[in-house]
Structure formats: C-alpha cells, structure tokens
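Per-entry structural report
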Amino acid sequence: MHLDLLRSIRKPARYLGNERNAARTPAKGDLRVGLAFPDHYEIGMSHPGLGILYHCLNRSKGLFAERVFLPDTDLEALLRARGIPLTTLETGTPVGRLDLIGFSLAYELTYTNVLAILDLGGIPLRSEERTREHPVVLAGGPCACNPEPLAPFVDAFVIGEAEYLLPELCRLVREWRASGSSRGELLRALDRLESVYVPSLFSWAGRGDKRGWRLTPPAGRTAPVKRAWVSDLDAAPFPDRPLVPFAKVVHDRISIEVARGCPHACRFCQASVLYRPFRERSARNVLDLALRSMQATGYEELSLLALSIGDCSCLVPLVSDLMLRAEAQKVALSLPSLRVGSLDPEVVRQVRRVRRTGFTMAPEAATRRLRLAINKDIDEEELLRSARLLAGMGWRSLKLYFMIGLPTESDEDVAAIVSLAGQIRREALQAGNGHFQATVSVSSFVPKAHTPFQWHRQASVEEAQRKQKFLQRSLRKSEFRLKWHDARISLLEGVFARGNRNTSRLLEEAHRLGCSRDGWTEHLRFDLWQEAFERTGLDPQELLDPFPAPDDPLPWEWVDPGVSRGFLLEEYRRACRAERTPFLCRGRCDRCGSCEIGANDVPWAGAGKTEAARIGEDVPRPPGAVPLPPEPAVPAPREGALLRIRLHYCKQGPMVCLGHLETIAVFQRAIRRSGIPVAFTLGEHPHPRMAFSPALPLGVESLAEFVDLWLTPSARPEAVRQALGPELPEGLEILAAAAVPLDAPSLEESIAWIDYEARFSEQHAAGLPRPSRADLEHSVRAFQDGQASLFEIRKEGRRSFMDLRPAVREIRIAEGPVLFFRIQRLHGSLPSPVRILEALLPPGQWEDLRTLVRKLDTAFAGFLGSSLGRTSGDTLSAGC
C-alpha cells in the first residue's frame, strides 16, 4: 500500500506487511492465494488457524499465500473515495487479481465483513456472477459447518480441518487455471472432494410456509459432506516461525496448539463437537515448536492452546521444562483455557516464575442443576479452591465467565451468579490477604448448529436485557467489574448461526445499507439491521426459534461433523432432565460417531492417538526438528556489573508508520532474537532494560534516533550493532554504537536540542497550494512576534497557554521552500515538532505536511561522541 496513503490514517502499522517471518515474493507460476480474515488486522493476526494455513500453503510447492484483512473505517472510506481496490499485505496485489481467496469464518458477525472485502476487491458478491477472470472464493472454519447463510456468495466451503485438504484443493485450482475449462467444471471437480461443499450445486426451494425449505443435492451425491480431520498432530504442519506483527494485536504472543478437541462434552459448545476426537501433540513436539518460535520471533510471552489445557496428560512436566528454558529470556507463559478442577499447584508455581499472566475460570452456570443441564459438572468447592490457590500465590485479579439464557435457566439461576461470584471473591481475599479484583463477564447463550441445543429457542433481546439489568443492579455497589455482551449482537449471531439460505437475502440487504463490523458495539448499526429485516420480510424472533420439532429438516443436514443426529438428540433430552453424560474421548466411548468419520486412507483422517507421548519418549519428530539443549537460567547482573551502550539509528521509509510503543516492541523482540546479553528490569513484568529518545510523531522521518541499552560487561558496542542490525526491519538502521557512562544523565535529559526540516510538496492531499517562501517568512515573523506562538493546553477541564517561542532556538528558510528549525528544552522538556508546525503553518495544513517532516540531528549536553550526534556547542549549519 502506498506510503502516502498510510500516513494519513490511524494505526498505519497494521497495513505495512513485511513483518518478521512473512512470505516475500511468489515464484513464477505460483497460484496466488489470499487468506482473508474478515475483521481488522489485530483480530485476524491473533487467530491461530490463519497462521497454520499460511504456513501450510507457503511450504507447498507452486502455492503462494498472502493475507487480506478488513481495513478500518478510515482506510475503507479512503479506498472507496479514491477508487483504490483492497490489496494484499505481502505484495500489494489487488484482491480481485488473486487466483483464489479463502475466508476464515470464526464468528457469524463477520459475514457482512466478508461481503465488504469482496466489494472492496472488485469481486462480484454472488458466485453466479463471477467468471474465469475472478478469484475462486472459498470459506472454512467453524462457521462453515452451517454454510447456508453465505451460500450464494461462496464458491465452495472447506468442511473441517484444512491442513492437508486446502493445499490439495489449491493444486486442483492451479490445474484448472492452466486447463482453460469453465468455472462450472471446476465447481463439479471440487464437489467430488469428500470434505468440500459446493452450495451452487445444491438446489434450494421453500415449502410454502415461512420456515419451510428444502435442499436437494446434485446428481450422484448420496452422502453428506464429511468433515476432514487430522489424526496425528505431530505429523501435521505447524508454524515454528510465526509472523511477528508491527502493530499490537489482541493476542500478541506465541501460540502453540497442545491439543485439539476436548475430552468433555459441554452441550452448548460447538467446538467440542467439531474438533472430536480429542488429540494431543507430543510434549517433545510442543517443546521444539516453542523454543524455535521463541528464537524466531523474540516474543515475551508464550501461550499453550487447547480447549481444555488442564486435561493434557503431559502438562505438568511440559510446563516445568518450558519454564526452565524460558525463564532465562524472561519469556512468560500463559494458559488461557484451564478448566476448573484442573488447576494444578505446580503449574501455577511454574507460570509465576517470570510473570503472573491472566487466569480465567468459566463456570458458565452458577447452580449445580444448570451445570448438569449443560453437562459442565463442576464442584463449587473446586472453584473456591482454585481462587484460594491463585490468590495465595500472588494473583490479584481473576476473570469469571457466565452465560445467561441457557436452556432450563430460571431467574434463581441468574441470581446465583451474584452469590457465587461473591463467595469466590471472599475466599480469594482471605487467601491473598489484600486487594483482589474479580471481573464477571456475562454473555447471552446462542444455540449453535451440530450441538445438542441446536433445536432449542434463543432468548429474546428483551429477556436478555432484563437479566443483564438485574446483574448490573446487583453488582453495582460491589467490588466486581461487570462486562456483558450486547443482546442485539447476540440476536444477530443467533439468526445466522442457525439460518437457512433465505437469510442470505437479509445479509445482502444489510450490506447494501452499510452494515459491517457488527460484532463491535461501537460499529453496530442495529437500526439498519431492523430496516433490513423489514425489507426482506423476515421476523428475527421467528428465526431465533426455528425448529420446534426434532424431525424438522436442518439447513446444515448435508454437512456431517461426525457426531450423529441421534446422539445429539439424546443429549438434548438429557439436558432437559438435568442429567450428566460422563467424560467423552477419554477412558470410555459414548458412540457419538466421530471416530468413524473419514476412516479411509487419506492422510488427514483416521483414529486419534490414545495417549500423548511424554517427555523423553522416543517419538517421531517433524522434519527438520533436532534436539535442543536446555538453557540454564542466568542470574540478573548487579547494577555495578552492567555496561551502558547508546545506539544511533535512523527511522525511514515504511517504518515512519510505527508509533513510539510499536518501535519499542520491535527493538525488544529484535534484542531477544539477536541473543545480545541484555539486562532485564526487575518487578512483575520484566523486559529488556532500555531507554529511547523522545517519542517521534507518527509519520516523521528521522536520521537521529537513539536508544540506550544496559548489557553485561562482555558486550562490545560494535558487536552489539552487528548482532542487532540484521534483526531490525528495513527502515530501521543502526548507524553507530558507543559506550556511555553508567552514571550519565538519562537519554532524554541529556538532549540539548533537535534539528528538523519541513519540505513542501507541489500539491497537498487536501488540494492546498504549496506555500511560497514569502508566505513562510510571514508565518515565521508572526511566530517570532508572538502573534502565533501560543499553544493551548487542556487538562482536566481547564485551559492554559504556553508560549512556544523560547523552545525554538533558530528558524531558517531555504529554497524549495524548506523550513529548518531547532527545538530546545522548554520547562524541562522538549516540545514536539507538531506543536511548532501547528503554530507556524495555517490551520489544517499540518495534517497534510507531516509526511514531509524529517528529524535531522540531535545535540547532547555533556556527552562528547561525534559519531552519536553533535555536542551542545554546535550550531545549525547551512548544510542540514
């Protein structure tokens, strides 16, 4: 994406591409695949499935995968206003020129985003309107198990786990591109794949009533589309060089999948059905992946992922071994999905060795009767024991997740949330002997396809809001933080979670009215959704109660997740009787049917392993894996044993789109990757000890940025520069390095002044003419006379003014015109060049001009190092 475009939007670092470990350029003849996540960058980059598919495709010969995300509202408006198509991050290719684009469907409220991406890419929304010249549009992910709401817009759905299936499908598309055959022939070829659903080949027709419909399969298809699944996680590809984003994302860390599936059978949980049977990755494989990922990324946190991580058989020795290696690098470990009752004291002790990462407990329901109904049989004493354990080991916060609107729920069950949460907090306060913050998060239950509750009604918006208001009143004066999910969003989620093909009309109408980002409360336009319901004649409440009889046809009946309909129906009946079903997928089998699916010779299907390989066992290694020796913990050096090194670097090109905190994160991770012996800060959140020069305004180039590092005495300035330089992205270049006395003033305090230049283009983005030299001279005189030198400060409702003239030591105008100015300390700090230009230039011009501002040099008081900036005796030279 063009740099000038990025400089005029919020958070431009999201759109830079070229992140660490990203794919670079395609080979001639490669199939160009766009992996599209229909949400903002910070959400999509946190999704582990996207990283897995990115790795799978880019390691396959003849395929090149790039990423596509929904741009934020500011960039979307800019693209539409200028007629610029949406492009990929890796190569800036317009989305409409790709060979194939595949959407990851993780959440129903991203469906309008799917249409927005197609629209921004210039791709016809409906499959029937596309030609050979358009990309083939695929979709997969958990929401693909009910493909019907998106059926008119997607050419084919990948059902199940796609590590092996997607590369095969892409090769089929590559052969089709070379053959010159019709798009219809491709769709028929895709339909012959066992785990691919081609909706255009299934005819849809109503039956005369509002709920009635019928799907008719294509000729020759007699069995439903079966879910693909991976039998051996150790043999399956998994990234050991994850992407490292420039911008901060939601889950900004390494994520290693330890297990897939869940040995439990919570009846509300779609994932426990779609990812059966329960499979574990070997501890040796997890350890190898974690250590290689740490080395390749420089991340400061590692997360072990599973639907229920505490049920993994090798968790305790794995965590102990991981922390032995990670502690020396101050890499923290987080376990985001611990089931209540599986919280092992040894695991908690290991996690806190570096940093106390967050813990979440999800009782889901506050009474034993309701927990039995949803098949989450948790003992309250286990909840209290876990809270006491965490508080006693130093944790001061805990998140509690509950749901409202569950089947068979009563008002007494909702009221019990307040009492149970209060009891948990009291136990934690007593064990921790101090402050303890508990956050209660409440979401509205949404029945999902392929679960025992797929036949159950969903609570109305009014009913959900009534219960939310009760909880708000009850917890208002307590020490709890209450978070709740917008009931209107839950309504829309429910409409599409169990919608048939008729709901695609509602989706398309909402998109035309301007709906997108519907899962974000600040972006939700429910008034437009109400208008879309009216225009399409669909009743939202009727869509929340779609299947009053168990023998009604289901929109997803031609998708087979492997769990039989009879099993799900029996589980629903047990729920109504509040009867528990014991463990599944471990210790016994309840014949749900998942182990029978795909029992053939294809590499992505078969029975799961019965036991996880433990540390030290002789297990097969993935290609390229080699033993990694343990890294003993290194004690923190004493203050007197440290060395302080100052680095002089420049910030140019795309890196001017990095904010100050983003730049710090880039350096911190580069330092970890480089292996230089940096010292770490003390306290609960250790990080490399470093100090930067004052924050550079976003979009400003710099030839004179500085950072101080504290290292062990074995470090040498030139060696540090050579080790760190290759780890930094293009645009951040280390120019020099020198030792600084430990007792020298801080980097910011030692700066005497900074030199800047502002260059003016022929025409600004807003269409303003370039200022003449006479205009600039007039502005400078007005500033020096005090007519335009006051800067307004607003703080806590009060207004004050600061005269900026003492901060500007010198101003000079050269041909071009080019404005040079030198900023010195004012009241102990260095004003931003933004403030100076806002005072010097006419209102509204600074936003158009900041992309042309450059920081030229820095002068230090008392530090005489000509290679690291000027000394305070220098003056602004004409050669700047």
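Remember, it's a predicted structure, so these values are computed and weren't measured experimentally.

Cut-offs applied
Residues numbered from 1 in each chain as written. Predicted model: local features only at pLDDT ≥ 70, side-chain atom pairs only at ≥ 80, totals over all residues. Heavy atoms only, no water. Pairing = 2+ DSSP bridges. Helix = DSSP H or I, 4+ residues; strand = E, 2+ residues; numbered from the N terminus. Phe/Tyr/Trp six-rings, centres within 6.5 Å; stacked < 30°, edge-to-face > 60°. Buried < 20%, exposed > 50% of the residue type's maximum accessible area, 1.4 Å probe, protein only. Lys NZ or Arg CZ within 6 Å of the ring centre and 35° of its normal.

What about the sheet that holds strand E5 (residues 156–158)?
Within the open sheet, the six strands sit side by side as E2-E1-E3-E4-E5-E6. Their pairing is mixed. The open sheet terminates on both sides in strands that have one partner only, identified here as strand E2 (63–69) and strand E6 (196–197). Sheet topology places E5 next to E6; two bridges connect them, and they run antiparallel. Of the residues in E6, the one forming a bridge with valine 158 is valine 196.

Section: the packing of aromatic side chains
Counted according to the given criterion, the structure contains 13 aromatic pairs. Arranged with centres 5.7 Å apart and planes meeting at 85 degrees, the rings of phenylalanine 445 and phenylalanine 453 form a pair that is edge-to-face. Residue phenylalanine 445 shares its accessibility class with phenylalanine 453, and that shared class is buried. Taken together through their ring pairs, the aromatic side chains of Phe157, Tyr197, Phe202 and Trp558 make up a single cluster. Geometry around tryptophan 176 places arginine 132 over its ring, the cationic atom sitting 4.6 Å from the centre.

Quick look at unusual backbone geometry
In this chain, arginine 276 is followed by proline 277 through a cis amide linkage whose omega measures -5 degrees. Within the secondary structure, proline 277 is located in the loop between helix H8 (271–274) and strand E12 (279–280). Even without being a glycine, lysine 330 presents a positive backbone phi close to 55 degrees. Along the chain, lysine 330 falls in the loop between helix H10 (315–326) and strand E14 (332–334). By relative accessible area, which is 21% here, lysine 330 ends up partly exposed. Backbone geometry places arginine 517, a non-glycine residue, at a positive phi of 55 degrees. Along the chain, arginine 517 falls in the loop between helix H17 (503–513) and helix H18 (526–536).

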